[in-house]
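# Architecture and fold: a report
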Amino acid sequence: DTGVSQNPRHKITKRGQNVTFRCDPISEHNRLYWYRQTLGQGPEFLTYFQNEAQLEKSRLLSDRFSAERPKGSFSTLEIQRTEQGDSAMYLCASSPRWDGADGYTFGSGTRLTVV
Amino acid sequence: KQEVTQIPAALSVPEGENLVLNCSFTDSAIYNLQWFRQDPGKGLTSLLLIQSSQREQTSGRLNASLDKSSGRSTLYIAASQPGDSATYLCAALYNQGGKLIFGQGTELSVKP
């Protein structure tokens with residue numbers, strides 16, 4: 001078990017371009033979460049999945065953002081028409097239990113820079 | 001509104017000192033609370049997880065406590081080392097399996 005894997009580690013894109021990030025959770029972890037973290041702040045919740053079902057979306061997740069987990073394994077987070085304000089660290093986490101009683105395991109994150 | 005606060009935002013101590021990091025939460029109906037460490041530009045590493053029914057958890061030089069009635073958790077680091085320098089984040093879980101609510105973090109610097 002290699003933990004939660006996120007790719008790419010870094011992404012630099014021009015404003016207006018679309019970007020997609022991938023998260024591979026720990027195998028057999030049914031719950032998968034996306035967070036965004038800006039410099040000097042704690043992570044903010046974006047969305048989470050139970051298997052392939054998206055159960056909650058934050059108001060931070062504007063219509064330019066979409067997340068999927070089509071087969072209940074890996075997940076993708078897409079940002080369309082990127083803006084400079086989207087520059088942040090995007091973190092993925094997974095949990096083995098539906099109730100979170102065993103805690104959450106985070107990946108190393110994807111650092112997005114919009115220029 | 002459920003909020004988590006960490007004060008101070010930054011802390012600098014000499015090597016060998018014992019220290020306490022603070023975490024406050026506004027709603028006492030917490031399910032569990034997790035402490036994380038984050039190195040610059042990296043992801044989060046879980047340190048300790050405390051269930052709502054527990055008062056404390058220990059791992060090596062780390063001890064975390066939870067007091068729901070006062071809305072506080074503390075992370076105690078014994079005999080600090082330069083390698084402990086990092087940002088420490090606490091996160092509260094209110095709804096089972098739902099979102100973690102994070103504090104802003106405390107950036108710790110341990111000077112040799």
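Each remark here, short or long, concerns the structure printed above.
A quick note: this is a predicted structure, and the numbers were derived from the prediction, not measured.

## Thoughts on the state of the cysteines
Residue and element names in this part refer to chain A.
- For the structure shown, the criterion picks out two disulfides over all chains.
- Bridging Cys 23 to Cys 92, the disulfide has an S-S length of 1.9 Å. Judged by the sign of its S-S torsion, about -70 degrees, the cystine formed by Cys 23 and Cys 92 is left-handed. Here Cys 23 is found in strand E3 (residues 19-24), whereas its partner Cys 92 is found in strand E9 (residues 88-95), with 69 residues between them in sequence.

## Considerations on the interface of chain A and chain B
- Contacts between the two partners involve 25 residues from chain A, matched on the other side by 22 residues from chain B.
- Summed over both partners, the interface of chain A with chain B buries about 1700 Å², with 51% contributed by carbon and sulfur atoms.
- One can count one salt bridge joining chain A with chain B.
- Between Lys 99 of chain B and Glu 56 of chain A there is a salt bridge; the shortest N-O distance is 3.7 Å.
- Linking chain A with chain B are 11 residue pairs in polar contact (both at pLDDT 80 or more).
- Contributing elements (two or more residues each) for the side of chain A that touches chain B: strand E4 (31-37), strand E5 (44-50) and E9 of chain A.
- Across the side of chain A that touches chain B, the residue classes tally to 11 nonpolar, eight polar and six charged.

## Remarks on the sheet that holds strand E8 (residues 75-79) of chain A
Residue and element names in this part refer to chain A.
- Within the open sheet, the four strands sit side by side as E1-E3-E8-E7. Their pairing is antiparallel. Sheet topology places strand E1 (5-7) and strand E7 (65-68) at the edges, where each strand pairs with a single neighbour. Along the sheet, successive strands turn relative to each other by an average axial angle of 15 degrees, direction set aside.
- Where E3 lies against E8, five bridges are found, and the strand directions are antiparallel. When the bridges of E8 are listed, Thr 20 appears paired with Glu 78.

## With respect to the sheet that holds strand E1 (residues 4-5) of chain B
All names here are of chain B.
- Ordered in space as E1-E3-E8-E7-E6, the five strands form an open sheet in which the pairing is antiparallel. Edge positions in the sheet fall to E1 and strand E6 (56-59), since each of these pairs with one other strand and no more.
- When E6 meets strand E7 (residues 62-67), the two strands line up antiparallel, connected through four bridges. In the sheet register, Gln 57 faces E7, and the bridge partner there is Ala 64.

## Points about the side chain of Gln 34 of chain B
- By the element assignment, Gln 34 of chain B lies in strand E4 (residues 32-38).
- Here the side chain of Gln 34 of chain B touches Ser 46 of chain B through a polar contact of 2.9 Å, side chain to side chain.
- Discounting residues that sit within four places of it in the chain, Gln 34 of chain B has contacts with Gly 103 and Tyr 104 of chain A together with Ser 46, Leu 48, Leu 49, Leu 89, Cys 90, Ala 91 and Leu 100 of chain B.

Here is what the cut-offs are and how they apply
- Residues numbered from 1 in each chain as written.
- Chains lettered and ligands numbered in written order.
- Predicted model: local features only at pLDDT ≥ 70, side-chain atom pairs only at ≥ 80, totals over all residues.
- Heavy atoms only, no water.
- Disulfide = S-S within 2.5 Å.
- Helix = DSSP H or I, 4+ residues; strand = E, 2+ residues; numbered from the N terminus.
- Contact = heavy atoms within 4.5 Å.
- Buried area = accessible area lost by both parts, 1.4 Å probe.
- Salt bridge = Lys/Arg side-chain N within 4 Å of Asp/Glu carboxyl O.
- Polar contact = N/O pair within 3.5 Å; in protein donor to acceptor, adjacent residues only side chain to side chain.
- Nonpolar A, V, L, I, M, F, W, Y, C, P; charged D, E, K, R; others polar.
- Pairing = 2+ DSSP bridges.
- Axes fitted to C-alpha atoms, helices over the stretch in contact; angles between N-to-C directions.

By themselves these figures say nothing about function.
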